[in-house]
Structures are given as C-alpha cells and as structure tokens.
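# Examining the three-dimensional arrangement
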Amino acid sequence: MENRVFVTGMGIISAIGNNLEENFDSLINKQHGISKLDILKTVHQDELLCGEIKLTNNDLLKRLDLPESNTYARTTLLSIIAAKEAFNDAGLKSKDSARTGVIVGTTVGGMDKSERFYKRLDENTDFIQSHNCGFTTEKVADYLDVNHFVTSLSTACSSGANAIMLGARLIKHGILDRAIVGGTDAISKFTLNGFKTLFLLDPNPCSPFDKDRKGLNLGEGAGIIVLEKGEICKNKKRYSEITGYANNNDAYHQTATSPDAKGPYLCMKNALEKSKLKPQDISYVNVHGTGTDNNDITEGLALEKIFENTVPPFSSTKAYTGHTLGAAGAIEAIYSILSIENNIIFPNLNFKQAIPELSLSPATVVIENAGIENVMSNSFGFGGNGTTLIFSKE
Amino acid sequence: MSIFINAAQAISPQQTFLKDQLPGELVKYDGIMQCILPDFKNYFSAIELRRMSRIIKFSSATAQECINEAGTNKMDAIITGTGLGCLEDTEKFLNKMLDTDEGLLTPTTFIQSTHNTLGGKIALTNNCNEYNITYAHKTVSFESALLDASLLIKEGEKNILVGGIDEITEENYNLRKHINQWKEEPFSNLDIYNSKNSGCKAGEGAAYFMVSSNKTDNSYAELKMTDIYYKLKNPSLLAENFKNNLKSKTGMSLNDIDFVLFGFNGDVKSDSYYHQIKDTLFKDQDHGYFKHYCGEYDTSASFGLWVATRIIKNNYIPDNILIEKRKRKNINNILLFNQENNENHSFIVLSKC
Amino acid sequence: MDSLIKKLKEEIIDQLNLEGMTPEDINEKEPLFGEGLGLDSIDALELTLLLERGYGIKLENPQEGKKIFASVETMAKYIEENRK
C-alpha cells in the first residue's frame, strides 16, 4: 500500500507578494506584479516588462539574518525565503527523527550572479561555485539543517513541478517521510535576452489565452511546499493531498509544442490516471498559459481533448507573476492548493477575446464558493518537457 | 522486484566506446582530459548536426549505442544526470551577451543551454513521449537519475534509459583554476592515486545504461541499491547508515561485498575520506579506482558504473584499476562509492546475475 | 543579384552551422524550410538576425519571415528591395 502524501506547509515569494498571505491577497484583488525592471540592470530596462520582486539582494539577506558579505545568488536567496516560510508554516523543527529530503528545481541556477562576475574574476570568484543548480538546494538544506537527502533537477520551465513530483514519489516509496520541495529562479539578463531572441516577450502586460496575445513577461520567485506522509501529519493542518502527477515528453521540437499537443495531453491524461479521478472530477485547472502563441493554442487543444469539450474553469496566473521559469510549477502548485483551501478560482488577467481556433475562455473574475475538490496544475518547458500535478481536498 | 542493467555504453577520455573489455593501456593526459570521439557523421546528418554542440553529440551517440545494445528503443523513461549541462552553449550565449552588451543575439545557443536538452534530444530522436527528467545536483546528479529509474521499475516500468553526461570546456577549465580545483600542469592522470597534493584532473564523459525489469542473456548485473547522503560528515555515522541500508534493502552484509570501486580523484583532502572508509569498513575487500580513466566531473560516477559493469561481467579486474593485490577469488558483488570532500556520498551496489 | 545569392548561401551555411555543406549544395529556388533544406522555426530566427546584422533590415514580426525565407532567391529579392 503506497503512503498517502499531504501538503502541510507552503512558502512563496513572487512579484505579487513576499509571503503566502500577500500572494493570496494580490490574487483575489486582481493586483498584478508586472512592471519595469528596477532591481536588475539591463540595456532593456525601459522596453521590457517583468514580474520583478522589488527587494534587493541585501533586503533578502536581511530578511534571512544572513551577513551581507555572503556568496549566495539571488535564485538561492529567493528559495531560502520561501523554504523558511514553508518550514515554519508546517510547524517543523530542525533535527526531528523524520527522514527528510530537500529537492529544488531551477533552470539556470546562480546565473544572475555568474553574468555579473563572469568577466570580472578579480572582483568575485564565488559565482564559480554558486552557478550550478545544486548549490541553491544545498543552501536551502543547510539553512533548514537538513542533511539526509538532497538533490536538484533542471527541466526548464517544469523544474518546480518535477521537484514536487519526485518528493511525492520518494514518500510513496517509503524512502522519505517528508520532502521540502519546489522551484526557484531569479530574473537574469541571460534568460531575458534568451527569450528576447526567440521573440517570445510581450512588450505589454501579457494576456494568456487571448486572441491577440503577444508572448510572455518574464518573472522571478520561489515556491516551496512541505510534503509529508500521512502517518506523521495526522494531527496537524493538511492543506491538501497530492493525488496525481505525470511527466511526459512532447518529442517534437526543442522549443515548440507539437500541433496535436501530444505531450501536454499525455501528462494530463496520465496524471488523471494516477489520481484515479475522471476528467469531470477536476474543478479547476491552473494552466501553464504563458501567453505565447504556441503554448496557449496547443495547451488549449490538449484541454479540449482531455476534457472532451466540457473544460472546467481554468486560468493562467502568469499575468500576475510573469513566467517564473523553474519556479513556475511550484508557485502555481501553491496557487492551486490555495484554490482548494479557500474554495476559490483566481482570474486570468488581461483576457479579452477567445482564441478563434478554440472554444474555450478562461475565468476572468474571482469565483468564490467554487466547489473546489480537485485542482490540476500544468507546467511545460523547453525540450518538450511537460508535467501535470493534481491536488485534492482531503 | 529486481532491477537489471541490460546495456551500458560510455564515451570517455579512454578507448571505451563500444568496448566489452576495459582497456589494458591507458591514454596519458598531462592537462585537461577530453573525450575520444567517434565520427559523428555515422550517427547524424549534416542538418541534424547543425545545432548539436560537442556534449549533445557525444551524449546522443552514446545513448544511441546503448539503445542499440539493449535491442529496444521502446523506453518507458529517459532520465539524465548532468552537473553543468550544456556548458559550451551556455558559455557561448553568455559571452556573446556580455561582449555585445546585450546586443544582437541568436537563439540557438540559448535554447540548447538548458540541462534537459540532452534528454530531450534522445526523446526527439527516438520519438519517445514518456517520462523525461534531468537531475543537476553536483556529484550526485547521475545517482539521482539512477535512483529515480529504480523507483520507476518498482512502479511497474520496464525499460529505462539512464545517463550521466558532462563536458569540460577550455573556458570552464580556466575559470575553475581560480578556485584551485585542478592539479597544476603537467600532472599525469596515471598518478592520481599516489598524489600528495590538492586538486584533481578535469575530465568529462557520457555513460548510458538501459535499466530493466527483465533479465536477458546479455544483462551485465543486477542493480541492488542506489543511496545518496548529503552531509553525513561523521564517518562512523555514514558507515552505520550504509550498513543498515545495505541490510534492509538488499539483505547483504558488508562481507558480501567483494570489490569496492572508489572515486579517488587525486585531491589529497577529498581522498582522505575514501582512505578512512577503505581502511576501516572494507579491510577485507578488493579495492579499485577509476578516475585516472575519465578525470573528475560531476557525473563521473556514471563512468564508474560503466567500469563496474565490465568488471562484474568479465569477473576480471585489470591491474590498472586495482589498488593492491586481490584478496578474493570471485566478484559477485561490487560497491561503487563516490563523494566529494565528505559531502554528497553515493553508494551503488551491483550483483552478478 | 547572383553575387548576392552566392554570398547569402555562404552566410546561411555559416549562420546555421551547416557543417560540410557548400553553396553548391543549396538550390536558390528550392524551399529552405520543410521538404527542401529542412530548416525549422529556430533557423528562421537565426536568418532574421542575419538580415538585421548583415543588411540592416529589421523584421518586427517574426511571422513576416515565412515569406521572405521561402528560398534563397526570395530572400535575395527582399534584401535588394529593402536594403538600407
């Protein structure tokens, strides 16, 4: 008999809030976090809008009581902020007897620091160590004093979701009792310019699933959740149960989704199978919905196929936060869990007209008393990577 | 539930590609250790090659030969481990961006800089829509992938391609000189075991394995256990954990292990932790090492596993692997033990099948 | 025009890293994408950059590229007409 896995703690920092409460307030008040860049210095300062967190690295260090001189990249700092909140939210103490793991996903690790010091070795060589993805996860583990099981993954924009899936599986297999899992990424010039070369950035606030969508806004943040096996969290607050997950590959193109959206379809189908739920059991889908031409139409087609044209209410929350890359899967998992916790559906901002090829439109207003039982969260990324997670009300 | 290794291929700085035996003679490197590459035109068309960086080429070629050896490209998952991913493409995009002050840039190196390009490319080539994950956690990137593959077999999957891949570039090599990661040149890879100073040899490679729920006539070994520990700094605590897990997961005791393959890399401080374990826990076993073959890189343990597959299948340890004279007659169970400065310890146990 | 076509072929081979190909291997009338040379959307973006960097022609909308990059010949024609 597999262990059941519950979410017992959450922590988040994004452009719409520095903690869980602020994020929730912004979501229900339709307060987006898309703005010009103030913290990151780039030649594209005036032309691009992003979901930037308006705290400097020193502000973040202060919040963590870490000395100013330390070597952490912004990606690392964001993940520690979120992990600390999740850890406290779950009422955890360091060094209890539960076998605990830390698993974090990120796309480019400490790139925000590497790109500043790469050509200026005389000023700082710390970035050579902080560049790799594992550095961030280890710093989270060190901060929380977890020393048993630590690993990281990097699967582009589905990284955060895949970290959650691995944590759940390790608990189900009895290898871990508890997993502190999620994703993190800071905005970097590297990713900003990268998406720019692909013509995937919308110069205006992005409008996912809109007919006239022009692309995405890059964002930054971290989302960390605490997963625990049923037996060790009987007497504490359990937000929801993770009941389904699947990862599939579209195997079509390095950046574009196949016209028939095979990968996205398969991961939704397989996650449903894993959860033993039927499509009609899903009350809300937090879609990947980046606002790019290719993503939204293919994800829409996959939704129509899986739900056989009775698609449940869905929305992309990326118009709030921007696309937070490696963090997106985890941040949106948290929004999905908040949806269950508060019985609410968050709106898809900036939507005006449906995509002509699709017969579906996202939720555009806050829907309260939405009868939420099971929520699906999608994450897709470069390399054809696609992951679906399903969270269920207990 | 048993887990078998049915195919194993590696491209490395030695003559290892498509070889059934370990080489008797090793190639000597005084500096950086880069892979001996096959002619990629035998594997990919010009139009395919246009976008493939060196690591994508040697990763993909190794994966294809592993798939050929396994005799099936119907994989239920492709799982890769890579510490730094597509380094050359990352550096290219980063340099161009910095040199032009975020000027006119092209997308190809950016989109290929992601760690999961390697696994994605194999999925693309083999039309594989299944589970596809990439681990990137320093020296346990590959072991995380292997552990995930074991979980999938227990979940009912049949054939899983698992790989460990990293590349070294001149630029990264020079960069890491600044943090004293390497041996001062010239230093021969053949001298790492007797090294008395700090630093290791920079290496690279790709090793792929078909991990399967079914034994075949060609199976190399049974994979009994994959364990990782982040920071069990106290050697006796580490030993205790390993012993307990070995017992509970495989039913074996320490004495059942015949041969231990250590990740000695020439850095005298990091290697001292191997010596401690070797001289206390494994006094009665045969001992070997492998990084004089491949150099040190985040996924070098994947090459260690490739070495172990050859040793267990041939029941033979070449002299260039052995640390001291053989004590045991047969090699029924091998332990591969890797770590870096007493962190990220990994234990992989293989048994004859 | 002929010299432009030859130059373009060389630039395409270089920009797209078509190792081992020569200008003679590319027929200027044949489609660059799909059945012809077999290029894809990423190559289109690389070619967009080639236009901008080499000829000072900036495409605002990547969709425009589809027609322009149909073949080497259409590309050359577009450059002749729009070169600054």
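Bear in mind that the values here come from a model prediction, so they are computed numbers and not experimental data.

## Structural notes on the overall build of chain C
When helices and strands are counted, chain C shows four helices and zero strands. Reading the secondary structure of chain C in the N-to-C direction produces α-α-α-α. Dimensions of chain C, computed from the C-alpha atoms along their principal axes, are close to 30 × 25 × 20 Å. Here the analysis covers contacts within chain C between residues at least 6 apart in sequence; of these, 57% occur between residues at least 24 apart. Approximately 4,600 Å² of chain C is accessible, and the part contributed by carbon and sulfur atoms is 47%. Treating the 11 positive side-chain charges of chain C as one cloud and the 19 negative ones as another, the clouds have centres 6 Å apart.

## Things to note about the nonpolar core
Residues and elements named next belong to chain A. Ile164, Ile225, Leu227 and Phe391 are the most contacted members of the largest nonpolar core, which has 99 residues in total. When neighbours within four sequence positions are excluded, Ile164 is seen to be in contact with Val181, Gly182, Ile225, Leu227, Ile242, Gly329, Ala330, Ala333, Leu389 and Phe391. Membership of the second largest hydrophobic core comes to 32 residues, among which are Leu60, Ile81, Ala141 and Ile180.

## Details of helix α4 (residues 72-82) of chain C
Residues and elements named next belong to chain C. Listed in full, the buried residues belonging to α4 are Val72, Met75, Ala76, Tyr78 and Ile79. For α4, the angular spread of the buried residues around the axis is 160 degrees, confining them to a single face. Elements in contact with the buried residues of α4: α1 (2-15), α2 (41-55) and α3 (65-68).

## Topic: the domain arrangement of chain B
Residues and elements named next belong to chain B. The domain boundaries assigned to chain B delineate domain 1 (4-212) and domain 2 (221-351). Computed over C-alpha atoms, the centres of domain 1 and domain 2 are 22 Å apart. Facing the 55 residues of domain 1 at the interface are 44 residues of domain 2. A buried area of about 4,100 Å², summed over both sides, lies between domain 1 and domain 2, and 62% of it is on carbon and sulfur atoms. Among the residues domain 1 hides against domain 2, the three largest losses belong to Leu22, Thr139 and Tyr193. Together they make up 20% of the total. Where domain 1 meets domain 2, there are zero salt bridges. Put simply, domain 1 and domain 2 have 19 residue pairs in polar contact (both at pLDDT 80 or more) between them. Among the secondary structure elements, those contributing two or more residues to the side of domain 1 that touches domain 2 are β1 (4-11), α6 (141-154), β4 (159-166) and β5 (205-212). Here the side of domain 1 that touches domain 2 gets seven residues from one element, more than from any other, and that element is α6. Of the residues in the side of domain 1 that touches domain 2, the class split is 23 nonpolar, 23 polar and nine charged.

## Focus on the interface of chain C and chain B
On the side of chain B, 12 residues touch chain C, which itself brings 16 residues to the contact. Counting the surface chain C buries against chain B, the share from its top three residues, C:Glu19, C:Ile42 and C:Glu46, is 34%. The element best represented in the side of chain C that touches chain B is α2(C), accounting for seven residues. Of the residues belonging to the side of chain C that touches chain B, the class tally is seven nonpolar, three polar and six charged.

## Observations regarding the interface of chain A and chain B
Each partner contributes residues to the interface: chain A has 62 residues there, and chain B has 58 residues. Ionic pairing is found between A:Asp142 and B:Lys231, a salt bridge with its closest N-O pair at 3.0 Å. The interface formed by chain A and chain B includes 32 residue pairs in polar contact (both at pLDDT 80 or more). For the side of chain A that touches chain B, the secondary structure elements donating two or more residues are α4 (111-117), α5 (127-130), α6 (133-144), β5 (149-153), α7 (159-172), α8 (189-197), β9 (240-249) and α9 (262-275) of chain A. The residue makeup of the side of chain A that touches chain B, split by class, is 25 nonpolar, 29 polar and eight charged.

## Details of the layout of surface pockets
Its volume calculated, the second largest pocket comes out at about 900 Å³. Considering the residues around the second largest pocket, the lining is formed by 40 residues, among which A:Gln129, B:Lys138, B:Ile179, B:Gln181 and B:Glu340 are closest to the centre. Elements with a contribution of two residues or more to the lining of the second largest pocket: α5 and α6 of chain A together with α3 (87-99), α7 (170-177) and β10 (343-351) of chain B. The residue inventory of the lining of the second largest pocket, partitioned by class, reads 13 nonpolar, 14 polar and 13 charged.

## What about the packing of α7(A) against helix α12 (residues 328-342) of chain A?
Residue and element names in this part refer to chain A. Closest axis-to-axis distance for the α7/α12 pair is 5 Å, and the angle between their directions is 65 degrees. In terms of axis orientation, α7 runs roughly perpendicular to α12. Touching Gly160, Ala161 and Ile164 of α7 are Gly329, Ala330 and Ala333, all from α12. Residues of the contact of α7 with α12, tallied by class, amount to four nonpolar, two polar and no charged.

## So, the pattern of salt bridges
Residue and element names in this part refer to chain B. Counted by the stated rule, this structure contains 45 salt bridges over all chains. Here Glu343 and Lys233 are joined by a salt bridge, their closest N and O atoms 3.2 Å apart. Pair noted here: Glu343 is in strand β10 and Lys233 is in the loop between β6 (221-229) and α8 (235-250), with a separation of 110 residues, a long-range link. Judged by its relative accessible area of 41%, Lys233 falls in the partly exposed class.

## Let's talk about empty space enclosed by the protein
Tallied over the full model, the rule gives five cavities of 30 Å³ or more. Taken as a whole, the largest cavity encloses approximately 120 Å³ of empty space. Lining the largest cavity are 14 residues, and of these A:Thr107, A:Val108, A:His131, B:Thr90 and B:His115 sit closest to its centre. Taken together, the residues of the lining of the largest cavity break down into six nonpolar, eight polar and no charged. Reported here for the second largest cavity is a volume of approximately 90 Å³. In terms of lining residues, the second largest cavity is bounded by A:Thr107, A:Val108, A:Ala156, A:Cys157, A:Phe190, A:Thr191, A:Phe195, A:Leu325, A:Phe382, B:Phe110, B:Ser113 and B:Thr114. Looking at the lining of the second largest cavity element by element, the count peaks at three residues for α8(A). Of the residues that constitute the lining of the second largest cavity, the class distribution is eight nonpolar, four polar and no charged.

## With respect to the pairing of strand β4 (residues 100-105) of chain A
Residue and element names in this part refer to chain A. With six of six residues buried, β4 lies mostly within the body of the structure. Relative to strand β6 (residues 178-185), β4 runs parallel, the two being bridged by six bridges. From the neighbouring strand, Val104 faces β6, where its bridge partner is Gly182. In terms of strand pairing, β4 meets β5 through five bridges, oriented parallel. Paired with Gly105 across the two strands is Leu153, which belongs to β5.

Definitions and cut-offs
- Residues numbered from 1 in each chain as written.
- Chains lettered and ligands numbered in written order.
- Predicted model: local features only at pLDDT ≥ 70, side-chain atom pairs only at ≥ 80, totals over all residues.
- Heavy atoms only, no water.
- Helix = DSSP H or I, 4+ residues; strand = E, 2+ residues; numbered from the N terminus.
- Contact = heavy atoms within 4.5 Å.
- Areas by Shrake-Rupley, 256 points an atom, 1.4 Å probe, with all protein chains shown as cover.
- Lys, Arg positive; Asp, Glu negative; His and termini not counted.
- Charge placed at Lys NZ, Arg CZ, Asp CG, Glu CD.
- Core = buried A, V, L, I, M, F, W, Y, C linked by side-chain atoms within 4.5 Å.
- Buried < 20%, exposed > 50% of the residue type's maximum accessible area, 1.4 Å probe, protein only.
- Arc of directions from axis to C-beta.
- Domains from an automatic or database assignment.
- Buried area = accessible area lost by both parts, 1.4 Å probe.
- Salt bridge = Lys/Arg side-chain N within 4 Å of Asp/Glu carboxyl O.
- Polar contact = N/O pair within 3.5 Å; in protein donor to acceptor, adjacent residues only side chain to side chain.
- Nonpolar A, V, L, I, M, F, W, Y, C, P; charged D, E, K, R; others polar.
- 1 Å grid on protein atoms, 1.4 Å probe; cavity = no way out; pocket = protein on both sides within 12 Å on 5 of 7 lines; lining within 4 Å.
- Points joined across faces, edges and corners; volume = space filled by probe spheres on them.
- Axes fitted to C-alpha atoms, helices over the stretch in contact; angles between N-to-C directions.
- Parallel < 35°, antiparallel > 145°, perpendicular 65-115°, else oblique.
- Pairing = 2+ DSSP bridges.

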